[in-house]
Amino acid sequence: QVQLMEAGGDLVQAGGSLRLSCVVPGDTFDLATMGWHRQVPGKQRELVATISKSGTTYYSDSLRARFTISRDNAKNTVYLQMKNLKLEDTAVYYCNYKLWRPGIGAENYWGQGTQVIVSS
């Protein structure tokens, strides 16, 4: 079982910035693809960004200009830097861990989520 511990969600004014973090204890963090997703009540969870073990990033087209995903393997932590936040960024943000193990298959774990509220 892999545990993901998110932090950083907060109430922030529109136009402001916020940085989310997700710590994954253990010795497999640096092998995993990490990601951030978000979900609004009543809607499907949507991909925000991912970062591979080698640091290759992928972003939702609508968010790439304002959001930056990064990782610090020495700290077993993945970050999501969000700037120029908009009301529509209000959501619960979830950290995701994905690791393919030969002969076993994909391991896929989620954090509990951290709430981001953007106010006008």
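Okay, so let's go over this structure. (Residues numbered from 1 in each chain as written. Predicted model: local features only at pLDDT ≥ 70, side-chain atom pairs only at ≥ 80, totals over all residues. Heavy atoms only, no water.)

## Remarks on the state of the cysteines
- In total, this model carries one disulfide according to the counting rule given.
- Here Cys22 pairs with Cys95 through a disulfide, and the sulfurs are 2.1 Å apart. Because the torsion about its S-S bond is -85°, the bridge between Cys22 and Cys95 counts as left-handed. Taken together, the residues Cys22 in strand 3 (residues 18-23) and Cys95 in strand 9 (residues 91-101) connect sequence positions 73 residues apart. (Disulfide = S-S within 2.5 Å. Helix = DSSP H or I, 4+ residues; strand = E, 2+ residues; numbered from the N terminus.)

## Some words on unusual backbone geometry
- With a phi close to 55°, Asn76 is a non-glycine residue in the positive phi region.
- Looking at the element boundaries, Asn76 is found in the loop between strand 7 (67-72) and strand 8 (77-82).
- Backbone geometry at Asn84 places phi at a positive 50°, although glycine is not the residue there.
- Tracing the backbone shows Asn84 in the loop between strand 8 and strand 9.

## As for the environment of Gln3
- Here Gln3 shows up in the segment before strand 1 (5-7).
- Sequence-distant contacts of Gln3, defined by excluding residues within four places in its chain, comprise Val23, Val24 and Pro25. (Contact = heavy atoms within 4.5 Å.)

## With respect to the environment of Gln44
- Its location among the elements puts Gln44 in the loop between strand 4 (33-39) and strand 5 (46-51).
- Relative accessible area serves as the criterion here: at 74%, Gln44 is assigned to the exposed category.
- Those residues within four positions of Gln44 in sequence are excluded, and the remaining contacts are Arg38 and Gln39. (Buried < 20%, exposed > 50% of the residue type's maximum accessible area, 1.4 Å probe, protein only.)

## Remarks on the sheet that holds strand 7
- Taken together, four strands build an open sheet; the order of strands is 1-3-8-7 and the sheet is antiparallel. Of all the strands in the sheet, just strand 1 and strand 7 have a single pairing partner and so form its edges. Across the sheet, the mean angle from the axis of one strand to that of its neighbour is 15°, orientation sign disregarded.
- Bridging between strand 3 and strand 8 involves six bridges; their strand directions are antiparallel. Looking at strand 8, one finds that Val23 is bridged to Thr77. (Pairing = 2+ DSSP bridges. Axes fitted to C-alpha atoms, helices over the stretch in contact; angles between N-to-C directions.)

## Focus on the nonpolar core
- Core analysis: the biggest nonpolar cluster contains 30 residues, and Met34, Trp36 and Tyr93 have the highest contact counts within it.
- Breaking this core down by element, the ones donating at least two residues are strand 3, strand 4, strand 5, strand 7, strand 8, strand 9 and strand 11 (114-119).
- Among the elements that line this core, the one with the most residues is strand 9, at five residues. (Core = buried A, V, L, I, M, F, W, Y, C linked by side-chain atoms within 4.5 Å.)

## Focus on the side chain of His37
- As for its position among the elements, His37 is in strand 4.
- The buried category is assigned to His37, whose relative accessible area is 14%.
- In this structure, His37 is in contact with Arg45, Glu46, Leu47, Val48, Val92, Tyr93, Tyr94, Asn96 and Trp110, ignoring residues within four places of it in sequence.

## Brief notes about the pattern of salt bridges
- This model, assessed by the stated rule, comprises five salt bridges.
- Linking Arg38 and Asp89 is a salt bridge whose minimum nitrogen-to-oxygen distance equals 2.9 Å. Taken together, the residues Arg38 in strand 4 and Asp89 in the loop between strand 8 and strand 9 connect sequence positions 51 residues apart. Asp89 matches Arg38 in its accessibility class, with the two residues each being buried.
- With a closest N to O distance of 3.3 Å, Asp61 and Arg64 form a salt bridge.
- Judged by its relative accessible area of 44%, Arg64 falls in the partly exposed class.
- Residues joined in a network through salt bridges with shared partners are Arg38, Glu46, Arg66 and Asp89. (Salt bridge = Lys/Arg side-chain N within 4 Å of Asp/Glu carboxyl O.)

Shape is all these values report; function is a separate question.
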